[in-house]
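Notes for the structure review
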Amino acid sequence: MAQSILECSHLTKVFGKNAALTDVELSLPKGRIIGLLGPNGSGKTTLIKLTAGILQPSGGVILVDGMVPGTQSKAIVSYLPERTYLSDWMTVRETLSLFSDFYADFDPKCAKDMLSRLDISLNTRIKTMSKGTKEKVQLILVMSRKARLYLLDEPIGGVDPASRDYILRTIISNYNTDATVIISTHLIADVEQVLDDVVFISKGSIVLSASVDEIREKYSKSVDAVFREVFKC
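Residues numbered from 1 in each chain as written. Predicted model: local features only at pLDDT ≥ 70, side-chain atom pairs only at ≥ 80, totals over all residues. Heavy atoms only, no water.

**A few points about the overall build of the protein**
In terms of regular secondary structure, the protein is built from 9 helices and 9 strands. Relative to the globule expectation of 17 Å for 233 residues, the C-alpha radius of gyration of the protein, 18 Å, shows essentially globular dimensions. Overall, the protein is about 50 × 40 × 35 Å in size when its C-alpha atoms are taken along their principal axes. In the protein, buried positions account for 51% of the 233 residues. Here the contacts in the protein between residues at least 6 apart in sequence split such that 70% fall between residues at least 24 apart. As displayed, the protein offers around 11,300 Å² of accessible surface, 50% of which is attributable to carbon and sulfur atoms. Of the charged side chains in the protein, 28 are positive and 27 negative; the average position of the first set lies 5 Å away from that of the second. (Helix = DSSP H or I, 4+ residues; strand = E, 2+ residues; numbered from the N terminus. Rg over C-alpha atoms; globule rule 2.2 N^0.38 Å. Buried < 20%, exposed > 50% of the residue type's maximum accessible area, 1.4 Å probe, protein only. Contact = heavy atoms within 4.5 Å. Areas by Shrake-Rupley, 256 points an atom, 1.4 Å probe, with all protein chains shown as cover. Lys, Arg positive; Asp, Glu negative; His and termini not counted. Charge placed at Lys NZ, Arg CZ, Asp CG, Glu CD.)

**Brief notes about the sheet that holds strand β6 (residues 149-153)**
Spatially, the 6 strands line up as an open sheet ordered β5-β6-β7-β3-β8-β9, and their pairing is mixed. Edge positions in the sheet fall to β5 (77-80) and β9 (205-211), since each of these pairs with one other strand and no more. In this sheet, neighbouring strand axes are inclined to one another by 15 degrees on average, regardless of whether the strands run parallel or antiparallel. Both strand β3 (residues 33-37) and strand β8 (residues 197-202) contribute to a ladder of 4 bridges, which runs parallel. Each bridged residue has a counterpart across the sheet, and for L37 the counterpart in β8 is F200. Its contacts with the sheet place helix α1 (residues 44-52) against β3, β5, β6, β7 (180-185) and β8, and it is angled at close to 150 degrees to β6. (Pairing = 2+ DSSP bridges. Axes fitted to C-alpha atoms, helices over the stretch in contact; angles between N-to-C directions.)

**Describing helix α4 (residues 108-117)**
Since the α-helix turns once every 3.6 residues, residues separated by three or four places project in the same direction. Among the residues making up α4, those that are buried are C110, A111, M114 and L115. In an axial view of α4, the angular spread of the buried residues amounts to 130 degrees, which keeps them on one side of the axis. In α4, the exposed residues that point more than 90 degrees away from the buried face are K109 and R117. Buried residues along α4 sit against α3 (92-102), α5 (131-143) and α6 (161-173). The N-capping residue of α4, defined by a side-chain oxygen 3.1 Å from the backbone nitrogen of K109, is D107. (Arc of directions from axis to C-beta. Polar contact = N/O pair within 3.5 Å; in protein donor to acceptor, adjacent residues only side chain to side chain.)

This is the structure:
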């Protein structure tokens, strides 16, 4: 079995004449919470979608737990897209049933426990929820799978600070230490507290990949402060 959960070698993705990722070299260890950090348009979502098997590379190699992204790798990857995908007409109960049907590793009891702590009824229809509540429900569904790799694309991007705290606590409390969590975001200060490692990405290229401790030791600054220096206009 592969030692790294994600391996990229000369990974390139081109859309038309525009390169979203260029010659990416990256190796991410198992059992860590990793921040994929960069400004909007830096290639974060493209890398996440390649890892999830939604996009195919234009060149190079990407391996998830030693596998080329496909049916096998999707069985161990739990993916939270940037946009809400829940069907408005469904109730919370129906979304749980859908996830149970789709994913053998989905734990409905875990999901119900988290929903209960938020006082979200299983009979609530998705369309009646606020944007923040929808995002919480979607995150609960994703984190209730017993996956080996969680891909969270901007999980705190559109919610208020209190919701951000809840979302980060949910990630931590449901994090299996054998699994890996990749959090893609540009809101560094909010997520820094939960991260073990960070990957800085800019204009489709990896700028820095290191542990949070290494960064603080080397620069004597927070990850957020280093990020602001690297990406200052």
